[in-house]
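Coordinate analysis (summary)
One letter stands for each residue in the lines below.
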Amino acid sequence: MFGKKLINQQELLISEGASMSYQLTGNVDVHSEVGVILPTYREAENIEKLIAEIENLPLNASILVIDDYSPDKTAEIVKNLQKKYGNILLCVRPEKSGLGTAITDGFKIFLSLKTSPRFIVTMDADYSHNPKAILQLLSSMQCGCGVVIGSRYCRGGRTAGWPFTRKIISRAANTVAKSVVGLRLNDCTSGFRCYSAGFLREAIGSLHSQTYEIQIETVKQALLRGFGIKEVPILFVNRKRGKSKLTLAEVQSYISYIFKTVAYGRKR
Ligand SMILES: Nc1nc2c(ncn2[C@@H]2O[C@H](COP(=O)(O)OP(=O)(O)O)[C@@H](O)[C@H]2O)c(=O)[nH]1
Ligand SMILES: [Mg+2]
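Just so it is clear, the structure is predicted and the values come from calculations on it, not from any experiment. (Residues numbered from 1 in each chain as written. Chains lettered and ligands numbered in written order. Predicted model: local features only at pLDDT ≥ 70, side-chain atom pairs only at ≥ 80, totals over all residues. Heavy atoms only, no water.)

Section: the confidence of the model for the protein chain
Detailed conclusions should not be drawn from predicted coordinates in areas where pLDDT is low. Keep this limit in mind: Summary of the metric used: pLDDT quantifies the predictor's per-residue confidence within the range 0 to 100. We call two residues in contact when some of their heavy atoms are within 4.5 Å.
Here the protein chain averages 89 in pLDDT, while 90% of its residues score no lower than 70. Confidence over residues 1–20 falls short of pLDDT 50; this stretch has 39 contacts with residues more than four positions distant or in other chains.

In structure tokens, the structure reads:
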């Protein structure tokens, strides 16, 4: 039967040298082909329905929620769902620490499992990414790529419900990444992705992003290491519940990452 385990951060080497201790709950002996990382901050209104939909997919998958001690008690909802489903892991970090570190900690946890998944999916937990599209991302992984991107801006991809300013920010972030950092992709900032565990094992030591720039850093690492990158069209729908966590500070962090990449060279 499904047993519940408590593991501390040092044991899983989530963040070497850090003094914070995170709690990971759930069955760490779970053996799944696919790992789905859901970073959450204040997603109490979305998380239950989203997890139920992922659970209904014809997949051998584990779900890992990385929650930053959300004041709306997102983690409590996930803990209840753990009683219903045997394949949910929950990592609660002590404070809001950024999307980039949430995703990287998620990679580290999945890669540290006794049997790690072959494919690791990242997606937003606000329903902007349709869980059914996970199946398309996975079937595109059959080409042996390191990364498949659910792309809003390749032929057939779309966004819906975004206000004009948000459309501009997203387009500008992509244009800058394309021309300044040298990434020739239609959408290099989408958070809906599938990675091969093989690529992540090679790249994990080079991922240092705090926030949204993690999306650029991962594709840059795939290019540098010679892994294939493929885009598949998706429909991105703006969240209907809860608020965006993209702050001015995070836009600044993205811009500063771009500048550093240019100043220190593209190989970093
Ligand atoms: N754990 C964690 N998750 C975050 C953080 N910032 C954003 N998220 C999650 O990352 C996903 C994308 O964030 P969202 O606010 O929807 O960004 P947007 O779609 O770009 O407006 C959502 O599931 C958020 O809950 C953070 O600092 N920590
Ligand atoms: Mg969102």
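Considering the nonpolar core
Nonpolar side chains in soluble globular proteins tend to be buried together. Formally: Remark: nonpolar core denotes a set of buried residues (Ala, Val, Leu, Ile, Met, Phe, Trp, Tyr, Cys) joined through side-chain atoms within 4.5 Å. Between buried and exposed lies partly exposed: a residue is buried under 20% and exposed over 50% of the maximum accessible area for its type, with that area taken using a 1.4 Å probe on protein chains only. Helix and strand definitions follow DSSP, with helices as H or I runs of at least four residues and strands as E runs of at least two, each counted in order from the N terminus.
Residues Leu64, Phe107 and Ile216 are the most contacted members of the largest nonpolar core, which totals 39 residues. Taken together, the elements giving at least two residues each to this core come down to strand 4 (61–67), strand 5 (88–92), helix 4 (99–112), strand 7 (147–151), helix 6 (164–181), helix 7 (197–203), helix 8 (214–224) and helix 9 (248–264). At seven residues, the largest contribution of residues to this core is made by helix 4. Leave out the neighbours within four places in its chain, and Phe107 touches Ile37, Ile120, Thr122, Tyr195, Leu200, Ile204, Leu207 and Thr218. If you look at the next biggest cluster of nonpolar residues, it comprises 33 residues, including Ile54, Ala61, Ala75 and Ile134.

Here's the deal with a nonpolar patch on the surface
Quick note on the threshold: Each patch is built from residues lacking any salt bridge and having more than 30% relative accessible area; the joining distance is 9 Å for like charges and 5 Å for nonpolar side chains (Val, Leu, Ile, Met, Phe, Trp, Tyr). Calculation of accessible area relied on Shrake-Rupley with a 1.4 Å probe; when residues are assessed, cover is drawn exclusively from the protein chains displayed. Within this document, salt bridges are pairs made up of a side-chain nitrogen of Lys or Arg and a carboxyl oxygen of Asp or Glu, the two lying within 4 Å of each other.
A surface patch of nonpolar side chains, amounting to about 190 Å² of accessible area, comprises Val176, Val180 and Val262. Mapped onto the secondary structure, Val180 falls in helix 6.

Remarks on the side chain of Ser253
Inclusion rule: Polar contacts here mean pairs of N or O atoms no more than 3.5 Å apart (in protein, one a potential hydrogen donor and the other a potential acceptor; neighbouring residues in sequence count only if both atoms are side-chain atoms).
Note that Ser253 resides in helix 9. A distance of 3.3 Å separates polar atoms of two side chains, one belonging to Ser253 and the other to Thr211. With residues near it in sequence (within four places) discarded, Ser253 still touches Thr211 and Glu213.

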